[in-house]
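These are the residues of each chain, in order.
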Amino acid sequence: MSLASSPTRDYLEYGVRVSASAFKQAFVNLGPGDEVLVEGPRGHFILNPERDTVLIAGGIGITPLKGMAEYATDTQLDIPIRLIYSNRTADEIAYRDELDTLVESNPQFEVIHTLTREPEASEWTGRRGRVDRSLVEAVASELETPIFYLCGTPEMVRGLWDILQLMGVPPERIMYEQFWGYTG
């Protein structure tokens with residue numbers, strides 16, 4: 001479970017993709033006033049406020065990256081941040097309105113959407129296809145030695161790690177979090 005909100009916000013927000021698992025169903029059935037036990041935070045998937053940044057998310061992997069974008073906006077960080085966000089269809093873009101608001105509020109923040117299974121007959125006019133080397137290179141081309149933050153399925157993260165290695169990005173400039181248990 002990852003936080004989807006910035007520490008600058010006065011609330012905790014979690015984002016989950018709903019499934020039939022008992023854990024997810026218990027989460028969905030929570031209501032206002034229900035008590036929960038929160039542990040953590042754990043890990044080191046934290047935005048470096050001094051380095052140009054490329055965020056790459058697949059599906060619900062946007063969760064911690066949205067919080068990073070909020071933090072950069074709320075604290076008016078003076079670093080360029082580019083988000084490549086891959087989803088199957090336009091309907092599956094999580095936090096779309098919030099991301100649009102962050103783009104409007106933060107001239108340093110840009111979002112590049114790409115869809116992998118959007119029907120050709122749809123109204124989508126944006127990019128189609130998986131995140132590939134040419135897209136990553138294009139997005140990072142004007143940035144000064146950016147840090148790359150990857151979040152998605154293990155397969156996606158491994159594939160992006162390989163792309164970044166082929167691009168010559170050293171491992172210390174690649175941060176990642178993998179979301180287990182998702183298919184497709």
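Keep in mind that this is a model prediction, so the values were computed, not measured.

About the criteria used
- Residues numbered from 1 in each chain as written.
- Predicted model: local features only at pLDDT ≥ 70, side-chain atom pairs only at ≥ 80, totals over all residues.
- Heavy atoms only, no water.
- Core = buried A, V, L, I, M, F, W, Y, C linked by side-chain atoms within 4.5 Å.
- Buried < 20%, exposed > 50% of the residue type's maximum accessible area, 1.4 Å probe, protein only.
- Helix = DSSP H or I, 4+ residues; strand = E, 2+ residues; numbered from the N terminus.
- Contact = heavy atoms within 4.5 Å.
- Polar contact = N/O pair within 3.5 Å; in protein donor to acceptor, adjacent residues only side chain to side chain.
- Phe/Tyr/Trp six-rings, centres within 6.5 Å; stacked < 30°, edge-to-face > 60°.
- Salt bridge = Lys/Arg side-chain N within 4 Å of Asp/Glu carboxyl O.
- Pairing = 2+ DSSP bridges.
- Right-handed = clockwise from strand over helix to strand, strands pointing away.
- Patch = residues over 30% accessible without salt bridge, like charges linked within 9 Å, V, L, I, M, F, W, Y side chains within 5 Å.
- Areas by Shrake-Rupley, 256 points an atom, 1.4 Å probe, with all protein chains shown as cover.

Let's talk about the nonpolar core
Here is a general trend for soluble globular proteins: nonpolar side chains tend to be buried in one another's company.
Piece 1. Counting residues in hydrophobic clusters, the biggest one holds 29 residues, and the most contacted among them are Ile62, Leu65, Leu83, Tyr85, Leu99 and Tyr149.
Piece 2. Mapped onto this core, the elements with two or more residues apiece are β1 (53-58), α2 (62-74), β2 (81-87), α3 (96-105), β3 (109-115) and β5 (147-152).
Piece 3. No other element matches α2, which puts 5 residues into this core.
Piece 4. Residues within four places of Leu99 in sequence aside, it is in contact with Ile62, Lys66, Leu83, Tyr85, Ala94, Phe109 and Val111.
Piece 5. Membership of the second largest hydrophobic core comes to 18 residues, among which are Ile56, Val131, Leu160 and Val169.

What to know about the environment of Tyr85
Piece 1. Within the secondary structure, Tyr85 is located in strand β2.
Piece 2. Between the alpha carbons of Tyr85 and Thr125 there is a distance of 15 Å; along the sequence they are 40 residues apart.
Piece 3. In contact with Tyr85, not counting residues within four places along its chain, are Ala57, Gly58, Gly59, Ile62, Glu92, Ile93, Ala94, Leu99, Ile112, His113 and Thr114.
Piece 4. Separated by 3.0 Å, the side chain of Tyr85 and the backbone oxygen of Gly59 make a polar contact.

Observations regarding the packing of aromatic side chains
Piece 1. For the structure on display, the rule yields 2 aromatic pairs.
Piece 2. Here the aromatic rings of Phe45 and Tyr149 are separated by 5.9 Å at their centres, their planes lie at 75°, and the arrangement is edge-to-face. You can see Phe45 sitting in the loop between α1 (22-28) and β1 and its partner Tyr149 sitting in strand β5, a full 104 residues away along the chain. Residues Phe45 and Tyr149 agree in their burial class; the two are buried.
Piece 3. Both rings, one in Trp161 and one in Tyr176, keep their centres 5.9 Å apart while their planes meet at 80°; by these two values the pair is edge-to-face. Linking Trp161 in helix α5 (residues 154-166) with Tyr176 in strand β6 (residues 174-178), this pair joins segments that are 15 residues apart in sequence.

Considering unusual backbone geometry
Piece 1. Even without being glycine, Tyr95 reaches a positive phi, approximately 60°.
Piece 2. Judged by its relative accessible area of 15%, Tyr95 is buried.
Piece 3. With a phi angle near 35°, Thr145 is a residue other than glycine that sits in the positive phi range.
Piece 4. Inspection of the secondary structure assignment puts Thr145 in the loop between α4 (133-140) and β5.

Quick word on the pattern of salt bridges
Piece 1. Under the counting rule described, the total for this entry stands at 9 salt bridges.
Piece 2. Between Arg9 and Asp74 there is a salt bridge whose closest N-O contact spans 2.6 Å. Taken as a pair, Arg9 in the segment before α1 and Asp74 in helix α2 lie far apart in primary sequence, 65 residues in all.
Piece 3. A residue is classified by how much of its surface remains accessible, and Asp74, at 34% relative accessible area, is partly exposed.

What to know about the pairing of β1
Piece 1. Buried residues dominate β1, accounting for 6 of its 6 residues.
Piece 2. What you see with β1 is no split at all: Thr53, Leu55 and Ala57 on one side and Val54, Ile56 and Gly58 on the other are buried throughout.
Piece 3. In terms of strand pairing, β1 meets β2 through 6 bridges, oriented parallel. Each bridged residue has a counterpart across the sheet, and for Ala57 the counterpart in β2 is Tyr85.
Piece 4. At this point the chain moves from β1, through α2, to the parallel β2, and the crossover so formed is right-handed.
Piece 5. Note that β1 and β5 share 5 bridges and pair parallel.

Re a nonpolar patch on the surface
Piece 1. On the surface, Leu3, Leu12, Leu30, Val36 and Val38 cluster together into a nonpolar patch covering about 430 Å² of accessible area.
Piece 2. Its place among the elements puts Leu3 in the segment before α1.

Remember, this is a structural readout, not a statement about activity or role.
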